[in-house]
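Remarks on the overall topology
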Amino acid sequence: MDNRFRNRATTRRIHRSLYPLALAFGLSLVSASSHAQQWAIAIHGGAGESEWEHMDPATAAAYQRSLGIALAAGTAVLKRDGSSLDAVEAAVEVLEDDPLFNAGRGSAFAADGSNEMDAALMNGETLAAGSVAGIHFTRHPIALARAVMEHTPYVMMVGTGADDFSRAQGLEQQPPSFFFTEMRWQEFAKVLKDSGRKVPPRPAGAPPEPSTPQASLDQMPRPFAHRFGTVGAVARDSKGHLAAATSTGGMQGKLPGRVGDSPLIGAGTYASDRSCAVSGTGVGEYFIRLTLAREVCTLVEEGKTPQAAADQMIHLELPALKGGEGGVIVLSKQGPPVWSNNTLGIFHAQQIQGGEPRVWVK
Ligand code: ASP
């Protein structure tokens, strides 16, 4: 054989023998990078109007503190390489316990004076999801949503069946008086009176009506004016997996049995590692009709940036349905979380690995 060809053949053999090495090296780079994703988390405490018009320093400080504590609960999980699912659940549980927000303790009231709470969470890696609606006694509705995901073959459970399942799972139960807050009750009473409806008796065990009636509802602490107040979180863990969670007492004065967008997968809550994680807040009926959370992720999958996708849904599609108000937080496989809202404000906070916690109240 001509020496030139022999040399080329030898070179090819050497190259071929290097393929497995190169492949292994390449794969190790890919796996190294997939194990070294920058974690990130964002939370929200609802969108609204009047509280931003009139926010006083004391109220702003209270929200600032609360959002900071919830964010820290989520970041603590991510810092120790915990899962995005654990991070969103941890953050939402703190917000559910906080009476400033319309979820868990501090929930809005249905027209009969009961608290009917909704919650959902979704695992972006597997598309597993769990959700509950119209539950009454579970201290942390988001934990019940997770139990539905992990301990049943279902995605969604509602009402007394979900309450029974919660007890059977050993989740902490609380009476209506635990979820009751005076602020939310006064807000509820005003909504009913304004719409010509009768205010029902205060829930059993709730403290008696304050003896010095508020001179006017305007003198209530500012959170009184909080219109939505649903809570939610989206997170990406150090393995790059996404998760989303949302929890709410729903809309004030809703008819018993009404279910909003928060517990509906694809409407108020969605996560997929192929695109993004979303948690929404606003008038649920519009989010449901647009399958808004899923739609944001579809736009991301089609190549839009998370910000452009969120803005398209919140600033174009939502207002196109008259009355469509609200906002979302969104997190994709790369980059920081983003948010979009067409209300005056949205309480939110976020942190990315290597960065400082940031809280937006005003
Ligand atoms: N989206 C919730 C619902 O419609 C309300 C909220 O965001 O505060 O139930």
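Residues numbered from 1 in each chain as written. Predicted model: local features only at pLDDT ≥ 70, side-chain atom pairs only at ≥ 80, totals over all residues. Heavy atoms only, no water.

What about the packing of helix α3 (residues 57–79) against helix α4 (residues 84–97)?
Here α3 crosses α4 at 160°, and the two axes come no closer than 8 Å. Considering the angle they form, α3 stands roughly antiparallel to α4. In terms of crossing hand, the pair formed by α3 and α4 is right-handed. On α4, the residues that touch S66, L67, I69, A70, A73, G74, V77 and L78 of α3 are S84, D86, A87, A90, A91, V94 and L95. Its residues placed into classes, the contact of α3 with α4 shows 11 nonpolar, three polar and one charged. (Axes fitted to C-alpha atoms, helices over the stretch in contact; angles between N-to-C directions. Helix = DSSP H or I, 4+ residues; strand = E, 2+ residues; numbered from the N terminus. Parallel < 35°, antiparallel > 145°, perpendicular 65-115°, else oblique. Left-handed = near helix turned anticlockwise from the far one by under 90°. Contact = heavy atoms within 4.5 Å. Nonpolar A, V, L, I, M, F, W, Y, C, P; charged D, E, K, R; others polar.)

Quick notes on the state of the cysteines
Each disulfide consists of a covalent bond between the sulfur atoms of two cysteine residues. For the coordinates displayed, the defined rule picks out one disulfide. Two residues share a disulfide in this structure: C276 and C297, whose sulfurs sit 2.3 Å from each other. Torsion about the S-S bond of the C276 and C297 cystine: about -110°, corresponding to left-handed handedness. A residue pair is termed long-range when its members are at least 10 positions apart, and C276 in strand β8 (residues 276–282) and C297 in helix α10 (residues 292–301) qualify at 21 residues. Both residues of the pair, C276 and C297, count as buried. (Disulfide = S-S within 2.5 Å. Buried < 20%, exposed > 50% of the residue type's maximum accessible area, 1.4 Å probe, protein only.)

Points about the site of the ligand
Every residue near the ligand is listed here: F228, G229, T230, G250, M251, R258, G260, D261, S262, T281, G282 and G284. A distance of 2.7 Å separates a nitrogen atom of the ligand from a polar side-chain atom of D261. Between the ligand and T281, the relevant distance is 2.7 Å, taken from an oxygen atom to a side-chain nitrogen or oxygen of the residue. Summarising the interface, the protein chains cover 100% of the accessible area of the ligand, which totals 270 Å² for the free molecule. (Near = heavy atom within 4 Å. Polar contact = N/O pair within 3.5 Å; in protein donor to acceptor, adjacent residues only side chain to side chain. Areas by Shrake-Rupley, 256 points an atom, 1.4 Å probe, with all protein chains shown as cover.)

Some points on the nonpolar core
Generally speaking, a soluble globular protein has its nonpolar side chains buried in company with each other. Counting residues in hydrophobic clusters, the biggest one holds 44 residues, and the most contacted among them are I41, I43, L67 and V132. For this core, the element with the most residues is α3, which contributes eight residues. One finds A42, M122, V234 and F287 within the second-largest nonpolar core, a separate group that totals 35 residues. (Core = buried A, V, L, I, M, F, W, Y, C linked by side-chain atoms within 4.5 Å.)

Overview of a nonpolar patch on the surface
Judged by side-chain polarity, V155, M156, V158 and I265 come together as a nonpolar surface patch covering roughly 300 Å² of accessible area. Note on I265: relative accessible area 32%, which makes it partly exposed. (Patch = residues over 30% accessible without salt bridge, like charges linked within 9 Å, V, L, I, M, F, W, Y side chains within 5 Å. Salt bridge = Lys/Arg side-chain N within 4 Å of Asp/Glu carboxyl O.)

Topic: the sheet that holds strand β3 (residues 129–135)
A sheet is described by the order of its strands in space; here eight strands give the open sequence β4-β3-β2-β6-β5-β1-β11-β12, paired in mixed fashion. Strands at the two margins of the open sheet, each flanked by one partner only, are β4 (156–158) and β12 (358–360). On average, each strand axis in the sheet is inclined to that of its neighbour by 5°, with strand direction left out of account. Note that strand β1 (residues 40–48) and strand β5 (residues 231–236) share five bridges and pair antiparallel. Among the inter-strand pairings, I43 is bridged to a residue of β5, identified as A233. Running at roughly 160° to β5, α4 makes contact with β1, β2 (117–123), β5 and β6 (242–248) of the sheet. (Pairing = 2+ DSSP bridges.)

A word on the sheet that holds strand β7 (residues 269–271)
Judged by pairing direction, the sheet is antiparallel, and its four strands sit side by side in the order β7-β8-β9-β10 without closing on themselves. The open sheet is flanked by β7 and β10 (338–341), the only strands paired with a single partner. Strand-to-strand twist across the sheet, computed as the mean angle between neighbouring axes with direction ignored, equals 15°. The pairing of β7 with β8 spans three bridges and is antiparallel. Across the sheet, residue Y270 finds its bridge partner in β8, namely V278. Across the sheet, α10 lies against β7, β8 and β9 (326–332), angled at about 145° from β8, the strand it touches most.

Section: helix α11 (residues 306–320)
Relative to the 21 Å expected for 15 residues at 1.5 Å per residue, α11 spans 20 Å between its end C-alpha atoms, a close match to the ideal helical length. Along α11, the helix axis deviates most sharply at M313, where the bend reaches about 25°. In this structure, the buried side of α11 is in contact with α9 (284–290), α10, β9 and β10. (Expected span 1.5 Å × (residues − 1). Bend = angle between axes of the 7 residues up to and from the residue.)

Brief notes about the side chain of R258
In this structure, R258 sits in the loop between β6 and β7. A polar atom in the side chain of R258 sits 2.8 Å from the side chain of E285. Apart from residues no more than four positions distant in its own chain, R258 is found in contact with E116, G250, M251, G284 and E285.

Describing the confidence of the model for the protein chain
For the protein chain, per-residue confidence averages 88 on the pLDDT scale, and residues scoring 70 or more make up 84% of the total. Here residues 1–34 is modelled with pLDDT under 50, and outside its nearest four sequence neighbours on either side it reaches three contacts, counting other chains as well. Across residues 215–224, confidence stays below pLDDT 50; counting only partners more than four residues off in sequence or on other chains, it has 20 contacts. (pLDDT = per-residue confidence, 0-100.)

Brief notes about the packing of α4 against helix α5 (residues 141–151)
Contact geometry for α4 and α5: axes closest at 8 Å, N-to-C directions at 150°. Residues L85, D86, E89, V92, E93 and E96 of α4 pack against P141, I142, A143, R146, M149 and E150 of α5. Within the contact of α4 with α5, the residues separate by chemical class into six nonpolar, no polar and six charged.

Observations regarding the side chain of T343
If you trace the backbone, T343 turns up in the loop between β10 and β11 (345–352). Here the side chain of T343 touches G345 through a polar contact of 2.7 Å, landing on its backbone oxygen.

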